[in-house]
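Each chain is listed here by its residues.
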Amino acid sequence: MRAVKLNGLMFMLGLFAVWELVAQAELINPLVVPPLSKILKIFFELLWSGQIPAQIVVSMKRALLGYFLAAAVFIPLGILMGLYQPVYRVCEVVVEMLRPVPPPVVIPVAMLFFGLGDEMKIFVIFFSCAWPILLNTIDGVRNLDWVLLNTARTFGLSPGKICWQVILPACSPQIITGLRVSLPIMLILVVISEMVGSTDGIGYFILDSQRRFRVAQMYAGMLSLAILGYALNQIFNLLHRRLLAWHWGMMTKME
């Protein structure tokens, strides 16, 4: 694993070196693709001044609120739809109609209902993250070993305890998969929504830099997004391994 990561790092550094050489030689218009050294210089200046961290904090507040709200609503709904066929039949048509709708299309509708405030952005993220979470939860419940449920009922456990002690642990790998798929969607949609209607946030920062033709600053904003996405993925992997240590142990034994 470390060798693979090292190879990936070396390949990325090679690409950066090619970028720097091409830009310095002006084989591409430096106003459009500035040297990487200039981008990094501006990036660290913006980082040190607090401009980029301030914009990222604003964006992450919106993103995480929409993300966790989607998880709080659609994990329980997915469990109900997976367990009870009548609930699934009632919700199926709505889910199958809304699920294919591209998330950016929802932005104009959200702007009509919520204006240009944080509520619009939170709703768009909530809507976009809903479907991977819901569908993976339903799939996890449907693949549940029903012997576990029948055994729990035989021991007289209440529905709440069955859900908390049997269903959630057994379905957690699939639920985590849905949450992981939603993570980059969350980041993409917060940036798009801030570009469409906002006066702050990292998406607005990047678009505003492009409009003012501060190209190196625009690339610095994009670099901060790349680092943020990588950091979120690593944090998610760490939590995944901690919370589902038993699942990783089973997978290791099977291998």
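Above this text is the structure in question.
So, here's what we can say about the structure. (Residues numbered from 1 in each chain as written. Predicted model: local features only at pLDDT ≥ 70, side-chain atom pairs only at ≥ 80, totals over all residues. Heavy atoms only, no water.)

Observations concerning the layout of surface pockets
Size it by volume and the largest pocket reaches roughly 530 Å³. Along the walls of the largest pocket sit 22 residues, with Ile176, Leu179, Phe236, Leu239 and Leu243 positioned nearest its centre. The set of elements that each furnish at least two residues to the lining of the largest pocket consists of helix 3 (51–83), helix 8 (159–196) and helix 10 (215–243). Among the elements that make up the lining of the largest pocket, the one with the highest residue count is helix 8 (eight residues). Lining the second largest pocket are 14 residues, and of these Met12, Phe16, Leu223, Ala226 and Tyr230 sit closest to its centre. (1 Å grid on protein atoms, 1.4 Å probe; cavity = no way out; pocket = protein on both sides within 12 Å on 5 of 7 lines; lining within 4 Å. Points joined across faces, edges and corners; volume = space filled by probe spheres on them. Helix = DSSP H or I, 4+ residues; strand = E, 2+ residues; numbered from the N terminus.)

Remarks on the packing of aromatic side chains
With the rule as written, the count across this model stands at eight aromatic pairs. Here tyrosine 67 and phenylalanine 68 contribute two aromatic rings whose centre-to-centre distance is 5.4 Å and whose plane-to-plane angle is 75°, an arrangement assigned as edge-to-face. On the basis of relative accessibility, which here comes to 5%, the residue tyrosine 67 falls in the buried class. Taking relative accessible area as the criterion, phenylalanine 68 reaches 52% and is therefore assigned exposed. Arranged with centres 6.5 Å apart and planes meeting at 35°, the rings of phenylalanine 123 and phenylalanine 126 form a pair that is tilted. (Phe/Tyr/Trp six-rings, centres within 6.5 Å; stacked < 30°, edge-to-face > 60°. Buried < 20%, exposed > 50% of the residue type's maximum accessible area, 1.4 Å probe, protein only.)

Quick look at helix 5 (residues 103–114)
A rise of 1.5 Å per residue sets the reference length of helix 5, with its twelve residues, at 16 Å; its end C-alpha atoms lie 16 Å apart and thus fit the reference within 8%. Where helix 5 is concerned, the buried positions are Val106, Ile107 and Ala110. For helix 5, the arc enclosing every buried residue in end-on projection is 120°, short of the 170-degree limit, so these residues lie on one face. Once helix 5 finishes, glycine 115 follows within two positions and takes phi at roughly 75°, a positive value. (Expected span 1.5 Å × (residues − 1). Arc of directions from axis to C-beta.)

Describing the packing of helix 5 against helix 6 (residues 118–142)
One way to put it is that helix 5 packs onto helix 6 with a least axis distance of 9 Å and a crossing angle of 145°. For the pair helix 5 and helix 6, the crossing hand works out as right-handed. Side by side, helix 5 and helix 6 meet where Pro103, Val106, Ile107, Ala110, Met111 and Phe114 of the first sit next to Glu119, Met120, Phe123, Val124, Phe127 and Ser128 of the second. For the contact of helix 5 with helix 6, the per-class residue count stands at ten nonpolar, one polar and one charged. (Axes fitted to C-alpha atoms, helices over the stretch in contact; angles between N-to-C directions. Left-handed = near helix turned anticlockwise from the far one by under 90°. Contact = heavy atoms within 4.5 Å. Nonpolar A, V, L, I, M, F, W, Y, C, P; charged D, E, K, R; others polar.)

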